[in-house]
Amino acid sequence: MKKMLIVLSMLMTASFAHAEAKVGYVDMQKAIQATAAGKKAKTELEGEFNKKKKELEKKEADLKKMGEDLEKKKSVLSEEALGKKQAEFQEEMLKYRDVVGKSQVEIQKKERELTAPILDKMKKVIAKLAKDKGYAMVIENSQMVLYATPETDLTDEVIKAFDKEK
């Protein structure tokens, strides 16, 4: 809500300061995913994700088997042996949860590494496009934008300009 008020006050200030101030918007998610660099990053990230997913699925299957074995042997094991097996199972479960958490963090880190240079270049392209086309302000089309005319959508132009830049 606070962001929306800031944007609205900026828009009002821009419109009062200059009666013909142009404001545009860019769908950054779409723009990043539609560029050649964004597609390459997405493919690389999906490869990394699938590799991690396979590792986790194997660990999950091992845990499931361990749990089933424990359940089968429950009635024949002594209380002490059963307690020991249950403790081992719990320890393996904790290790698995830890690996899942670390994997999620690694994937998020990799995503930031891959998209940061794209985002930096995207901002430069947007600034140049805005300056060349006389836009006083370009905002990101997010959930905060309630309405905008299609003519103010600069996303496709940004994608084309981004892919032209080297």
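Attention here is on the structure that accompanies the text.

## What about the overall build of the chain?
Here comes step 1: Counting its regular elements, the chain contains 5 helices and 2 strands.
Here comes step 2: Going from the N terminus to the C terminus, the chain shows its helices and strands as α-β-α-α-α-β-α.
Here comes step 3: Per-residue burial over the chain gives 22% buried out of 166 residues.
Here comes step 4: Of the contacts formed within the chain by residues at least 6 apart in sequence, a portion of 84% connects residues at least 24 apart.
Here comes step 5: Total accessible area computed for the chain in this model is approximately 12500 Å², and 56% of it derives from carbon and sulfur atoms.

## Here's the deal with the environment of Ile-107
Here comes step 1: As for its placement among the helices and strands, Ile-107 is situated in helix H4 (residues 79-133).
Here comes step 2: We classify Ile-107 as buried; its relative accessible area is 15%.
Here comes step 3: Through-space distance from the C-alpha of Ile-107 to that of Glu-46 is 9.4 Å; in sequence the pair is 61 residues apart.
Here comes step 4: Contact partners of Ile-107, with chain neighbours within four places excluded, come to Leu-45, Glu-48, Phe-49 and Lys-52.

## Points about the pattern of salt bridges
Here comes step 1: Within this structure, the stated rule accounts for 11 salt bridges.
Here comes step 2: Note that Lys-95 and Glu-92 form a salt bridge whose closest N and O atoms lie 3.5 Å from each other. Within this pair, Lys-95 and its partner Glu-92 are both found in helix H4, separated by 3 residues, close to a single helical turn.
Here comes step 3: The closest approach of N and O atoms between Asp-98 and Lys-102, which form a salt bridge, is 3.3 Å.

## Observations regarding the nonpolar core
Here comes step 1: With 19 residues, the main nonpolar core has Val-26, Ile-118, Met-122, Ile-126, Leu-154 and Val-158 as its most contacted residues.
Here comes step 2: Listing elements by their share of this core, those giving two or more residues are helix H2 (28-34), helix H3 (36-73), H4 and helix H5 (155-164).
Here comes step 3: In terms of residues, this core owes the most to one element, H4, which gives 8 residues.
Here comes step 4: Apart from residues lying up to four places away in sequence, Met-122 is in contact with Met-28, Ala-31, Ile-32, Thr-35, Val-158 and Phe-162.
Here comes step 5: In this structure, Leu-63, Leu-82, Phe-89 and Tyr-96 belong to the second largest nonpolar core, which totals 6 residues.

About the cut-offs
- Residues numbered from 1 in each chain as written.
- Predicted model: local features only at pLDDT ≥ 70, side-chain atom pairs only at ≥ 80, totals over all residues.
- Heavy atoms only, no water.
- Helix = DSSP H or I, 4+ residues; strand = E, 2+ residues; numbered from the N terminus.
- Buried < 20%, exposed > 50% of the residue type's maximum accessible area, 1.4 Å probe, protein only.
- Contact = heavy atoms within 4.5 Å.
- Areas by Shrake-Rupley, 256 points an atom, 1.4 Å probe, with all protein chains shown as cover.
- Salt bridge = Lys/Arg side-chain N within 4 Å of Asp/Glu carboxyl O.
- Core = buried A, V, L, I, M, F, W, Y, C linked by side-chain atoms within 4.5 Å.

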